[in-house]
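Analysis of the macromolecular model
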Amino acid sequence: MTEKPHVSGSYWLRTAPGGAARPALEDDLDVDVAVIGAGVAGLSTAWELARAGRSVAVLEAGRVAAGVTGHTTAKLTALHTLKYDRLRRTRGTEGARLYARSQTEAIEHAAEVVAELGIDCDWESRSAYTYVCDAGRVDELRAEAAAAKEAGLPASFVTDTGLPFPVAGAVRVTGQAQFHPRKYLLALAEDLVARGGRIFEHTTVHGLDEGTPCRVSTGTGATVTARDVVVATHYPIFDRALLFARLSPRRELVVAGNIGTDRDPDGMYITPDEGTRSVRTAPLDGESGDRLLVVTGEHFTPGTGDTRERFDRLSAWAHDHFPGVDLTYAWATQDIDPTDTVPMVGPLHPGARHTYVATGFGGWGMSGGMMAGRLLTAQITGEECAWSDLYDPRRLRTAVREAPALLKLQAEVAGHFVGDRLRPAPPVDSLPPGEGAVVRVGGDRLAVYRDDAGTLHAVSPRCTHLGCLVSFNAAERAWECPCHGSRFDTDGKVIEGPATRPLERRDI
């Protein structure tokens, strides 16, 4: 019997599948601001700009809030694992304070938006914890707690948590939040349209002319003319400042299932141990009295390793630590890590005057995306923002300071670009149903997938972004680029950028 994929789909997408269908852009359009991407960063920016009186068009290659934002764990917290002690050392005390303040104000602002618009999005106040079970890391946790408190967060070091297993120590920050991200963003999209904003789905952007005004060309053939353009596509689809050299894609798995309310650990937890483990619960619809346990971890570079084994490890961890949990959901998400700790939000490149970017949220895109919306709106409307310099993508001093991380990243990319081409290719006849691989047919390499019926699907193995070879993710049945994280379905259609063009179909 053919084994089914491990994934079942995101809980957030399953429980908020609706949202008004938005048309593709068919005619040329003239607006004040074009926002590329309809995830949390793009929609937050567009909504803030519309509220500030700007005419806005949002261009989304897929569906609203259905990409990375639709697959998040949806924690809204300023405690980002082990961030503040490092910030204190690399950005100084003031840099750490600005980071904490910007993230905290974003969360507080989101709570105000929920109240103002009356959004039913399962908003809950929770404490956030970063914990370790290894006593050898306790001093590291104490330093983080001290740095977070110095940065202005209500942080403390504790040894007792609501987890059903002992910990050696934890940093606790009170007054944080969690929510249903898709319910929130669908409501934000509706209000954006009510304010005169335009949203276009299934509209892939292919070109950007940074003239005066700017011009955005799309796959539908239509052009958007705008004074300002915001690139909020998670990983930038335009790389005019070599941002790809400072951004590392990271895939992470999620499993979720029902537990009783009496077993709710009453908090949002994360540990840097064991390949990262993150735990929180969410309210469930209905009258079961249960809650949804959401467990995340097993981060890895897209296109590397066996994803099915990683899902098995994560599920085993959930069962070991929460015995009896009925895991009914499994999905994966993708994060972008900057080499120098802080997201990149601001002008797209040193010469940019009317183009902006939001990227590199490092797994904390909910608060980061909301922060980006307010920061970019301030920059576009000419207002002052205290943390503009902290997040400026044009920063060079910190990039130079953290050059070892940058060089390591580029060495890994180069290794894939060259090494993957030297890897032995299996024969196409060896592929069982449900599997894919880069194989050699004649003198050519092809990315070939055999579906459950036995039919072969062949595409070019060269990623359309910068030409690295893709690898097959059998659990999610997708082709993935290990260099910059582009993902494609089995017929080559783009699932995730920075690639904007599909893998070329091949005959076999």
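Right above here is the structure, for reference.
Residues numbered from 1 in each chain as written. Predicted model: local features only at pLDDT ≥ 70, side-chain atom pairs only at ≥ 80, totals over all residues. Heavy atoms only, no water.

If you tally the helices and strands in the chain, you get 11 helices and 25 strands. The C-alpha radius of gyration computed for the chain amounts to 22 Å, which stays within 12% of the reference 23 Å derived for 508 residues, consistent with globular compactness. With the C-alpha coordinates of the chain rotated into their principal frame, the extents come out at 65 × 55 × 50 Å. The burial tally for the chain puts 57% of its 508 residues in the buried class. Carbon and sulfur atoms provide 48% of the accessible area of the chain, an area that totals close to 19800 Å². Put simply, the chain has 55 plus and 67 minus side-chain charges, and the middle of one group is 4 Å from the middle of the other. (Helix = DSSP H or I, 4+ residues; strand = E, 2+ residues; numbered from the N terminus. Rg over C-alpha atoms; globule rule 2.2 N^0.38 Å. Buried < 20%, exposed > 50% of the residue type's maximum accessible area, 1.4 Å probe, protein only. Areas by Shrake-Rupley, 256 points an atom, 1.4 Å probe, with all protein chains shown as cover. Lys, Arg positive; Asp, Glu negative; His and termini not counted. Charge placed at Lys NZ, Arg CZ, Asp CG, Glu CD.)

A separate point is the sheet that holds strand S23 (residues 487–488). One open sheet accounts for four strands, arranged S21-S22-S23-S24; its pairing is antiparallel. At either end of the open sheet lies a strand with only one pairing partner, and these are strand S21 (471–473) and strand S24 (494–496). With two bridges joining them, S23 and S24 adopt antiparallel strand pairing. When the sheet's bridge partners are listed, Arg487 is paired in S24 with Glu496. (Pairing = 2+ DSSP bridges.)

In this chain, Thr212 is followed by Pro213 through a cis amide linkage whose omega measures 10°. The topology assignment puts Pro213 in the loop between strand S8 (205–209) and strand S9 (214–218). Omega for the bond connecting Gly497 with Pro498 falls within 30 degrees of zero, at 25°, which places this linkage in the cis form. As for its placement among the helices and strands, Pro498 is situated in the loop between S24 and strand S25 (505–506). Here the phi dihedral of His234 falls at roughly 75°; this positive angle occurs in a residue that is not glycine. On the secondary structure map, His234 appears in the loop between strand S10 (223–231) and strand S11 (247–260).

In space, the four strands of this open sheet follow the order S18-S19-S20-S25, with antiparallel pairing throughout. Across the chains shown, the open sheet's two edge strands, defined by having one partner strand only, are strand S18 (435–441) and S25. Pairing between strand S20 (residues 456–459) and S25: two bridges, direction antiparallel. Note that in S25 the partner of Ala458 across the bridge is Arg506.

Here we come to the packing of helix H2 (residues 40–51) against helix H8 (residues 365–381). Two elements in contact, H2 and H8, have axes separated by 8 Å at closest approach and are oriented at 35°. For the element pair H2 and H8, the recorded crossing hand is right-handed. On the side of H2, the interface is formed by Val40, Ala41, Ser44, Thr45, Glu48 and Leu49, while H8 contributes Gly365, Met366, Gly369, Met370, Ala372, Gly373, Arg374, Leu376, Thr377, Ile380 and Thr381. A per-class count over the contact of H2 with H8 returns eight nonpolar, seven polar and two charged. (Axes fitted to C-alpha atoms, helices over the stretch in contact; angles between N-to-C directions. Left-handed = near helix turned anticlockwise from the far one by under 90°. Contact = heavy atoms within 4.5 Å. Nonpolar A, V, L, I, M, F, W, Y, C, P; charged D, E, K, R; others polar.)

On to the nonpolar core. Among the nonpolar cores identified, the biggest contains 82 residues, and Tyr84, Tyr184, Val345 and Tyr391 are the most heavily contacted of them. By residue number, the principal contributor to this core is helix H4 (residues 92–117), which donates nine residues. Not counting residues within four places of it along the chain, the set of residues in contact with Tyr184 comprises Ala110, Val113, Val114, Ile119, Cys121, Phe179 and Met370. Counting 27 residues, the second largest nonpolar core, distinct from the first, contains Ala226, Phe238, Leu243 and Leu348. (Core = buried A, V, L, I, M, F, W, Y, C linked by side-chain atoms within 4.5 Å.)

Enumeration over the complete set of coordinates arrives at 37 salt bridges. Here Glu116 makes a salt bridge to Arg51, at a shortest N to O gap of 3.5 Å. Taken together, the positions of Glu116 in helix H4 and Arg51 in helix H2 put the pair 65 residues apart, joining distant regions of the chain. Judged by relative accessible area, Arg51 falls into the partly exposed class, the value being 37%. Two residues, Arg313 and Glu298, come together in a salt bridge whose shortest N-O distance is 2.9 Å. Within this pair, whereas Arg313 is found in helix H7 (residues 307–321), its partner Glu298 is found in strand S14 (residues 290–300), the two being separated by 15 residues in sequence. (Salt bridge = Lys/Arg side-chain N within 4 Å of Asp/Glu carboxyl O.)

Along the chain, Arg477 falls in the loop between S21 and strand S22 (478–480). Its relative accessible area of 15% is what places Arg477 among the buried residues. At a separation of 3.1 Å, a polar atom in the side chain of Arg477 contacts the side chain of Tyr449. (Polar contact = N/O pair within 3.5 Å; in protein donor to acceptor, adjacent residues only side chain to side chain.)

Below, the discussion takes up the side chain of Ser127. When you line up the elements, Ser127 lands in strand S4 (residues 124–132). Setting aside anything within four residues of it in sequence, one finds Ser127 in contact with Arg172, Val173, Thr174, Gly267 and Met268.

Right, let's talk about the pairing of strand S13 (residues 277–283) for a bit. Counting buried residues along S13, six of its seven residues qualify, which places the element largely inside the surrounding structure. The pairing of strand S12 (residues 268–271) with S13 spans three bridges and is antiparallel. Counterpart to Tyr269 in the pairing with S13 is Val279. If you look at the hairpin formed by S12 and S13, you'll find five residues sitting between the two strands, and Glu274 has a positive phi there, around 60°. Relative to S14, S13 runs antiparallel, the two being bridged by seven bridges.

What follows deals with helix H5 (residues 138–150). In this model, H5 (13 residues) spans 18 Å end to end at C-alpha, consistent with the 18 Å of a helix rising 1.5 Å per residue. Listed in full, the buried residues belonging to H5 are Val138, Leu141, Glu144, Ala145, Ala147 and Ala148. The inward-facing, buried residues of H5 contact helix H3 (84–90), S4, strand S5 (155–158) and strand S6 (169–178). Where H5 ends, the next residue or the one after it, Gly152, has phi of about 110°, a positive value. (Expected span 1.5 Å × (residues − 1).)

Take the pairing of strand S1 (residues 29–36) next. The two faces of the sheet receive side chains in turn, since in a regular strand these alternate between them. Of all the eight residues making up S1, six are buried; the element is thus mostly covered by neighbouring parts of the structure. As judged from the seven bridges shared by S1 and S10, these two strands associate in the parallel manner. Directly across from Asp30, in S10, lies its bridge partner Thr225. Pairing between S1 and strand S2 (residues 56–59): four bridges, direction parallel. Across the sheet, residue Ala34 finds its bridge partner in S2, namely Ala57. In terms of handedness, the path from S1 via H2 over to S2 forms a crossover that is right-handed. (Right-handed = clockwise from strand over helix to strand, strands pointing away.)

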